[in-house]
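Single-letter residue listing:
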Amino acid sequence: MAMAVKTKLEIVIPKPDLHRLKKILEYPGVGGYTIIDDVKGQGQRGEKDNLGLSDSFTNVMVIVVCDTEIAEKIKEPIKALISRVGGIAYHQEVNWI
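No experiment lies behind these values; they were computed from the predicted model shown. (Residues numbered from 1 in each chain as written. Predicted model: local features only at pLDDT ≥ 70, side-chain atom pairs only at ≥ 80, totals over all residues. Heavy atoms only, no water.)

## Digging into the sheet that holds strand S1 (residues 5-14)
Now for step 1: A sheet is described by the order of its strands in space; here 4 strands give the open sequence S2-S5-S1-S6, paired in antiparallel fashion. What marks the edges here is a single partner per strand, and that holds for strand S2 (34-39) and strand S6 (88-95). For this sheet, the mean angle separating the axes of adjacent strands, direction not counted, is 20°.
Now for step 2: The pairing of S1 with S6 spans 8 bridges and is antiparallel. Pairing of Val5 across the sheet is with Asn95, part of S6.
Now for step 3: In the packing of helix H2 (residues 68-85) onto the sheet, the strands contacted are S1, strand S5 (59-66) and S6, and the crossing angle to S1 comes to about 15°. (Pairing = 2+ DSSP bridges. Helix = DSSP H or I, 4+ residues; strand = E, 2+ residues; numbered from the N terminus. Axes fitted to C-alpha atoms, helices over the stretch in contact; angles between N-to-C directions. Contact = heavy atoms within 4.5 Å.)

See the structure below:
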């Protein structure tokens, strides 16, 4: 039995901007996604340690697995969002098991 090849997108953005990303992910063919709260790390904008009194200082990771054609269509809106609010996104080819 052949495995179906899909594209996995992993997107890390500030939690207050998650609703904007969800709007992009309403695109037909994106069947769902996984959200991981309180993602920590360091990048161009410094260290994100989730310390603070609100979600303003927290990041989330969103994982999407979809057809490659769908991923190609949503990559540019995701890239535009990240250029405005900060974050990182990358993709890779994956196989359903």
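Now that the structure has been shown, we can carry on.
## A word on the environment of Asp17
Now for step 1: Position of Asp17 among the secondary structure elements: in the loop between S1 and helix H1 (18-24).
Now for step 2: Counting along the chain gives 64 residues from Asp17 to Leu81, while the straight-line C-alpha distance between them is 8.8 Å.

## So, the layout of surface pockets
Now for step 1: In this structure, the second largest pocket encloses a volume near 190 Å³.
Now for step 2: Around the second largest pocket sit Leu9, Ile11, Lys75, Glu76, Ile78, Lys79, Ile82, Ala89, Tyr90 and His91, which together line it.
Now for step 3: In terms of residues, the lining of the second largest pocket owes the most to one element, H2, which gives 5 residues.
Now for step 4: Of the residues contributing to the lining of the second largest pocket, the split by class is 6 nonpolar, 1 polar and 3 charged. (1 Å grid on protein atoms, 1.4 Å probe; cavity = no way out; pocket = protein on both sides within 12 Å on 5 of 7 lines; lining within 4 Å. Points joined across faces, edges and corners; volume = space filled by probe spheres on them. Nonpolar A, V, L, I, M, F, W, Y, C, P; charged D, E, K, R; others polar.)

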